[in-house]
Amino acid sequence: MRALSKTLRFVSATAPNLVSKAAPKVLATGFQHCLLSQLASVQNQLTCCQVKINQRSVQQRTYAGATKLTLPEIQERVMNVCKAYDKITADKLTLESHFMNDLGLDSLDHVEVIMAMEDEFGEFLKTNLLKRLG
Amino acid sequence: MKSIAKNLKYKDMGKKFLTLKQFMLRQDVLKLYRDVYRMTRSIADQRQKNEIRSWAASEIRTHRNHQDEVTIRGLIIHGQRMLKDLEKSLKVTT
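Residues numbered from 1 in each chain as written. Chains lettered and ligands numbered in written order. Predicted model: local features only at pLDDT ≥ 70, side-chain atom pairs only at ≥ 80, totals over all residues. Heavy atoms only, no water.

Caption draft 1: Representation of the overall build of chain A within the structure. Broken down by element type, chain A carries 4 helices and 2 strands. The secondary structure elements of chain A, listed N-terminal to C-terminal, are α-α-β-β-α-α. Burial statistics for chain A: of 134 residues in total, 41% are counted as buried. Partitioning the contacts of chain A with sequence separation of at least 6, the portion at a separation of at least 24 is 63%. With an accessible surface of roughly 7700 Å², chain A has 52% of that area assigned to carbon and sulfur atoms. (Helix = DSSP H or I, 4+ residues; strand = E, 2+ residues; numbered from the N terminus. Buried < 20%, exposed > 50% of the residue type's maximum accessible area, 1.4 Å probe, protein only. Contact = heavy atoms within 4.5 Å. Areas by Shrake-Rupley, 256 points an atom, 1.4 Å probe, with all protein chains shown as cover.)

Written out as structure tokens, the structure reads:
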């Protein structure tokens, strides 16, 4: 899932990265590491901030809410995205299946699957990562 | 062009490698496809969205067997031009 973690980094850094073609596998572990590390840093920043406006001091508290994603949940969502993809036959699909060697996809299909993952997890990334940026 | 790896024959163990130029060309093609994908995200009509995407994919696939780098570069530029037109027409409609 180096490819996925790179896509994630794209979303947070807003700079398009080249998707790795070396070993596109349906594994959620690398994805999980990336997500969890970023989640942890967001949760560490749960703070309340005070804002002074003009003469009066108005205290505002903002909490960054982070929804939790567990590894089995991520795996399930990844598998669902792959199953929903019409070019993949669901019976051949496992966590270990290789997009190109086992499932017979070409690199354009690979791009499509990665984009579908981005759509799937985009909301989660938007609410949690982009808050951290500002 | 994406099958360039298939058409190249190298002596070591039948593995196919791309030169840097070929690799960059391939990445440009994939980037083009990804840009089409992102641009069509904002289209509400599902049928139209999928039509544009599959049209782009089929165009790329018909030219997959080219070997000459100049031809491939020309096709990529043609695709980028079409992408710009798509962007303009999307801006008008939304």
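Let us keep going from here.
Caption draft 2: Just the packing of aromatic side chains, in detail. One pass over the structure, following the stated rule, counts 1 aromatic pair over all chains. One residue, Arg53 of chain B, lies across the ring of Tyr37 of chain B, its end atom 3.8 Å from the ring centre. (Phe/Tyr/Trp six-rings, centres within 6.5 Å; stacked < 30°, edge-to-face > 60°. Lys NZ or Arg CZ within 6 Å of the ring centre and 35° of its normal.)

Caption draft 3: Structural view of the packing of helix α2 (residues 20-40) of chain B against helix α3 (residues 46-62) of chain B. Residues and elements named next belong to chain B. Axis separation between α2 and α3 bottoms out at 9 Å; the angle between their running directions is 170°. It follows that α2 is roughly antiparallel to α3 by the angle criterion. Where α2 approaches α3, its residues Val29, Tyr33, Val36, Tyr37 and Thr40 are matched on the opposing element by Lys49, Ile52, Arg53, Ala56, Ala57 and Ile60. Broken down by class, the residue content of the contact of α2 with α3 amounts to 8 nonpolar, 1 polar and 2 charged. (Axes fitted to C-alpha atoms, helices over the stretch in contact; angles between N-to-C directions. Parallel < 35°, antiparallel > 145°, perpendicular 65-115°, else oblique. Nonpolar A, V, L, I, M, F, W, Y, C, P; charged D, E, K, R; others polar.)

Caption draft 4: The arrangement of the confidence of the model for chain B in detail. All names here are of chain B. With 83% of its residues at a pLDDT of 70 or more, chain B shows a mean pLDDT of 81. Scored below 50 in pLDDT, residues 4-14 makes 18 contacts in the model with residues more than four places away or belonging to other chains. Here the complex is predicted with pTM 0.59, and the ipTM for its interfaces comes to 0.73. (pLDDT = per-residue confidence, 0-100.)

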